[in-house]
Amino acid sequence: MKIAIMGAMREEIAPILEHLESYKTLEHAGNIFYTGHYGGHELVLAYSKIGKVFSAITASVMCERFGIDALLFSGVAGGISPELKIGDLIMASQLCQHDVDIVAFGHPYGFIPEGTLMVPTDPALRSLASEVAIDMGIDLYEGIIATGDQFVASSERKSWIHETFNADALEMEGGSVACVCHNFGVPCFVLRAISDTANGEASEDFDAFLQTSAAVSATFILAMVHRLGH
Ligand code: ADE
């Protein structure tokens, strides 16, 4: 299989790149794409830069230009569910865009006409992840992830996102990447390890836990790649 692995930040992709014996690079559309092999699969890796627009560019190029069979997103998120502690893993069942607001025209928050409020991820990739988690003895949470072009560092905003979308975690790229994959018909999986809990201490926690949480997510993604059929 040809598998894309994406992150938003260099720190989210670096622990994966370290595991490739060798790779080539290709610069295109403001990104560096790293191509190599792992676990008997062809891989293409990139970090997009932060946010919905940059992540949509990277995911689109991966789908259109690299002919990928699946896209796995690895990175960190702010936890909403009180069950999620820093370092815990969540896979998205579905994702939404919490910052979309055309409520003035009678639409619900997050909804764009001819789109859907929630975009689901690939059920087969989710079941594979559940099996991998059992084998590794790791707790893997499954829930709704809300995406927006905001670093959320406020209990009020976090509660609003929870109440409006029933979201368990939030971040800044998963919803756009899932939307791109959905439109290209590419199976998508979004995994995040919690770096902070999106409250008043979020920016300090993010700085403190970005690297360790990114590594937790990356390790799990590599285990999934090992288990993917050829
Ligand atoms: N990614 C990790 N933590 C985040 C937060 N608090 N807000 C948005 N994206 C994040």
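Before going into details, it helps to say that this report is about the structure given with it. Being a predicted model, the structure only gives us computed values, none of them experimental.

### Quick look at the site of the ligand
Around the ligand, a shell composed of 13 residues is seen, among which G78, Q150, V152, L170 and D196 lie nearest. The separation between a nitrogen atom of the ligand and a polar main-chain atom of G78 is 3.3 Å. D196 has a polar side-chain atom sitting 2.6 Å from a nitrogen atom of the ligand. Counting only elements with at least two residues in the shell around the ligand, the list comes to strand 5 (70-79), strand 9 (169-171) and strand 10 (188-196).

### Comments concerning the environment of L17
Counting through the fold element by element, L17 comes out in helix 1 (residues 10-17). Distance from L17 to G36, taken between C-alpha atoms, is 9.2 Å for residues 19 residues apart in sequence. Residue contacts for L17: discarding those within four places in its chain leaves Y23, Y34 and L45.

### Observations regarding the pattern of salt bridges
The tally for this structure, following the rule as stated, stands at seven salt bridges. Of the charged contacts in the structure, one is a salt bridge between R227 and E131, with a shortest N-O distance of 3.0 Å. Linking R227 in helix 6 (residues 202-227) with E131 in helix 3 (residues 123-136), this pair joins segments that are 96 residues apart in sequence. On the accessibility criterion, R227 (35% relative accessible area) is partly exposed. With a closest N to O distance of 2.9 Å, E173 and R192 form a salt bridge. With E173 in the loop between strand 9 and helix 5 (174-184) and R192 in strand 10, this pair connects stretches of sequence that are 19 residues apart. Counted as one network, the salt bridges with shared partners bring together E12, E171, E173 and R192.

### So, helix 3
Relative to the 20 Å expected for 14 residues at 1.5 Å per residue, helix 3 spans 20 Å between its end C-alpha atoms, a close match to the ideal helical length. Three or more residues of helix 3 are buried, namely L125, R126, L128, A129, V132 and A133. Here the buried residues of helix 3 occupy an arc of 160 degrees about the axis, which is enough to place them on one side. Away from its buried face by more than 90 degrees, helix 3 exposes P123, A124, I134 and D135. Here the buried face of helix 3 lies against strand 5, strand 6 (89-97), strand 8 (140-147), strand 10 and helix 6. One side-chain oxygen of the residue at the start of helix 3 lies 3.3 Å from the amide nitrogen of A124, identifying that residue as D122. Positive backbone phi, approximately 70 degrees, marks G137, located one or two places after helix 3.

### What to know about the state of the cysteines
Under the criterion given, the structure shown has zero disulfides. No disulfide involves C181; its sulfur sits 4.0 Å from that of C188, the nearest cysteine.

### A few points about the side chain of H98
Of note, H98 is situated in the loop between strand 6 and strand 7 (119-120). Owing to a relative accessible area of 1%, H98 belongs among the buried residues under this scheme. At a separation of 3.4 Å, a polar atom in the side chain of H98 contacts the main-chain amide nitrogen of G148. Sequence-distant contacts of H98, that is, excluding residues within four places in its chain, are made with A146, T147, G148, Q150, V152, R157, W160, I161 and F165.

### Some remarks on the packing of aromatic side chains
In total, this model carries five aromatic pairs according to the counting rule given. Considering the side-chain rings of Y23 and Y34, the 5.4 Å spacing of their centres and the 85 degrees angle between planes classify their relative orientation as edge-to-face. A residue pair is termed long-range when its members are at least 10 positions apart, and Y23 in strand 2 (residues 23-28) and Y34 in strand 3 (residues 31-38) qualify at 11 residues. Arranged with centres 5.5 Å apart and planes meeting at 80 degrees, the rings of F151 and F206 form a pair that is edge-to-face. Here F151 is found in the loop between strand 8 and helix 4 (155-165), whereas its partner F206 is found in helix 6, with 55 residues between them in sequence. F151 gets classed as partly exposed once you look at its relative accessible area, which sits at 40%. Among the aromatic residues, those joined into a cluster by ring pairs are Y109, W160 and F165. Its guanidinium or amino end placed over the ring of F54, K49 lies 4.6 Å from that ring's centre, counting from NZ or CZ.

How each quantity is defined
Residues numbered from 1 in each chain as written. Predicted model: local features only at pLDDT ≥ 70, side-chain atom pairs only at ≥ 80, totals over all residues. Heavy atoms only, no water. Near = heavy atom within 4 Å. Polar contact = N/O pair within 3.5 Å; in protein donor to acceptor, adjacent residues only side chain to side chain. Helix = DSSP H or I, 4+ residues; strand = E, 2+ residues; numbered from the N terminus. Contact = heavy atoms within 4.5 Å. Salt bridge = Lys/Arg side-chain N within 4 Å of Asp/Glu carboxyl O. Buried < 20%, exposed > 50% of the residue type's maximum accessible area, 1.4 Å probe, protein only. Expected span 1.5 Å × (residues − 1). Arc of directions from axis to C-beta. Disulfide = S-S within 2.5 Å. Phe/Tyr/Trp six-rings, centres within 6.5 Å; stacked < 30°, edge-to-face > 60°. Lys NZ or Arg CZ within 6 Å of the ring centre and 35° of its normal.

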